[in-house]
Amino acid sequence: MTRTTSATTETAAGRPRRPGRLRRLRRLAAPLLLAAGLCMSSLATAGPVQAVDSTVVTYTQSGGRTVSFTFDDGPDPTHTPRLLEVLRKHNVKATFCLWGDHVRQYPYLVSRIAADGHRLCNHSMAHQDMGGWSQQQIRQNLEQVNNAIRQAAPGAQITYFRAPYGSWGQSPQVAASMGMQPLGWRADIGDWQPPGTGELVNRIMQRVTPGAVMLMHDGGGDRGQTVSAVDQTIPQLKAQGYTFDQPAVR
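An account of the accompanying structure is given in this report. (Residues numbered from 1 in each chain as written. Predicted model: local features only at pLDDT ≥ 70, side-chain atom pairs only at ≥ 80, totals over all residues. Heavy atoms only, no water.)

1. Focus on helix α5 (residues 135-152)
Part 1 of the reasoning: Between its first and last C-alpha atoms α5 spans 26 Å; for 18 residues at 1.5 Å apiece the expected length is 26 Å, and the two agree.
Part 2 of the reasoning: Among all positions of α5, only Ile138, Asn141, Leu142, Val145, Asn146, Ala148, Ile149 and Ala152 are buried. Burial along α5 is one-sided: seen end-on, the buried residues are contained in an arc of 160°. Set apart from the buried face of α5 by more than 90 degrees, the exposed residues are Gln136 and Gln151.
Part 3 of the reasoning: Buried residues along α5 sit in contact with β5 (95-98), α3 (100-105), α4 (107-115), β6 (119-122), β7 (158-161) and α6 (171-177). (Helix = DSSP H or I, 4+ residues; strand = E, 2+ residues; numbered from the N terminus. Expected span 1.5 Å × (residues − 1). Buried < 20%, exposed > 50% of the residue type's maximum accessible area, 1.4 Å probe, protein only. Arc of directions from axis to C-beta. Contact = heavy atoms within 4.5 Å.)

Quick look at the structure:
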């Protein structure tokens, strides 16, 4: 049994337990409990990390007569909204490989991309060559981008990672450990140096193959020709029996 007085709580063994000591213990425990709660909340927000392997995929999810359009270096305040309108008009879903600094500049565009049902891809913070970076440097960079994307589009899934310049180094292993599939491409139309809309249309139509991931850009420069070429080629590809798919996840 215990005997309680106004000053102390005394146990049956006769050892007093002072309320002041209990208060100190509670004060010490409170920050630990708060930190644990924040960690659990952070995990719940980010969601579970899905296991993927480090293979750099260059093909679509379904294979066959499908094609996947992917766009790098955005979002861009001029060309990304136009591209979204084109894709919406043709009922096509694409993958956007987002440049972290641009995500911070134009978060509302990231929210629009996600709301339209397109896939999101981490394309590094400042488009630097990661080929010689350590795994720790890569992870810190990719985490910065993911945090920026999730601030812009809370709850958005970041399915892929694409290395700037295709210079992979150790990044596939790091990206896979973070739940992002390394994403390459099978055809690059060279729109980073605009050759004219007509030439880009020709390149897309000539270089597309069944199951191909196509590399294009909506940011990093004047991408008006790319947007126009996409608008023209989607109906042509559909007329040839192509359907639009997302890149594979292994």
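2. Digging into the packing of aromatic side chains
Part 1 of the reasoning: Under the counting rule described, the total for this entry stands at 4 aromatic pairs.
Part 2 of the reasoning: Here the aromatic rings of phenylalanine 69 and phenylalanine 71 are separated by 6.4 Å at their centres, their planes lie at 85°, and the arrangement is edge-to-face.
Part 3 of the reasoning: Among the aromatic side chains, those forming a connected cluster through ring pairs are Phe69, Phe71, Phe96 and Phe244. (Phe/Tyr/Trp six-rings, centres within 6.5 Å; stacked < 30°, edge-to-face > 60°.)

3. Describing the pattern of salt bridges
Note on pairing: side chains with opposite charge can pair once their charged atoms come close.
Part 1 of the reasoning: This structure, assessed with the given rule, holds 5 salt bridges.
Part 2 of the reasoning: In this structure, the salt-bridge partner of arginine 250 is aspartate 53, at a minimum N-O distance of 2.8 Å. One end of the pair, arginine 250, is in the segment after β11 (243-244); the other, aspartate 53, is in the loop between α1 (19-46) and β4 (66-74), and 197 residues separate them in sequence.
Part 3 of the reasoning: Accessibility expressed as a relative area gives 28% for aspartate 53, which makes it partly exposed.
Part 4 of the reasoning: The partner of glutamate 199 in a salt bridge is arginine 203, and the shortest N-O contact between them spans 3.0 Å. Here the residue glutamate 199 and the residue arginine 203 both occupy positions in helix α7 (residues 197-207), the gap between them amounting to 4 residues, near one helical turn. (Salt bridge = Lys/Arg side-chain N within 4 Å of Asp/Glu carboxyl O.)

4. A look at unusual backbone geometry
Most peptide bonds are trans, and most residues other than glycine sit at a negative phi.
Part 1 of the reasoning: Of note, the bond from glycine 74 into proline 75 is cis; its omega dihedral lies within 30 degrees of zero at 5°.
Part 2 of the reasoning: Mapped onto the elements, proline 75 comes out in the loop between β4 and α2 (79-90).
Part 3 of the reasoning: Residues other than glycine seldom take positive phi values, yet aspartate 73 does so here, at roughly 75°.
Part 4 of the reasoning: Tracing the chain through its elements places aspartate 73 in strand β4.
Part 5 of the reasoning: Judged by relative accessible area, aspartate 73 falls into the buried class, the value being 7%.
Part 6 of the reasoning: In this structure, asparagine 91 takes a positive phi of about 55° despite not being glycine.

5. Some points on α7
Part 1 of the reasoning: Of the positions making up α7, those classed as buried are Leu200, Val201, Arg203, Ile204 and Met205.
Part 2 of the reasoning: Residues of α7 that are buried make contact with β4, β10 (212-217) and α8 (224-239).

6. Here we look at the packing of α7 against α8
Part 1 of the reasoning: Between α7 and α8, whose axes approach to 9 Å, the crossing angle comes to 45°. Judged by the angle between their axes, α7 and α8 are oblique. In the crossing of α7 with α8, the sense of the turn from one axis to the other is right-handed. Each of Thr197, Leu200, Val201, Ile204 and Met205 in α7 lies in contact with α8, whose residues at this interface are Gln225, Thr226, Ser228, Ala229, Gln232, Thr233, Gln236 and Leu237.
Part 2 of the reasoning: Partitioning the contact of α7 with α8 into residue classes produces 6 nonpolar, 7 polar and no charged. (Axes fitted to C-alpha atoms, helices over the stretch in contact; angles between N-to-C directions. Parallel < 35°, antiparallel > 145°, perpendicular 65-115°, else oblique. Left-handed = near helix turned anticlockwise from the far one by under 90°. Nonpolar A, V, L, I, M, F, W, Y, C, P; charged D, E, K, R; others polar.)

7. Some details on the layout of surface pockets
Part 1 of the reasoning: For the second largest pocket, the calculated volume is near 170 Å³.
Part 2 of the reasoning: Every residue lining the second largest pocket is counted, 13 residues in all, and those nearest its centre are Asp72, Tyr165, Trp192, Leu215 and His217.
Part 3 of the reasoning: Mapped onto the lining of the second largest pocket, the elements with two or more residues apiece are β4 and β10.
Part 4 of the reasoning: Taken together, the residues of the lining of the second largest pocket break down into 5 nonpolar, 4 polar and 4 charged. (1 Å grid on protein atoms, 1.4 Å probe; cavity = no way out; pocket = protein on both sides within 12 Å on 5 of 7 lines; lining within 4 Å. Points joined across faces, edges and corners; volume = space filled by probe spheres on them.)

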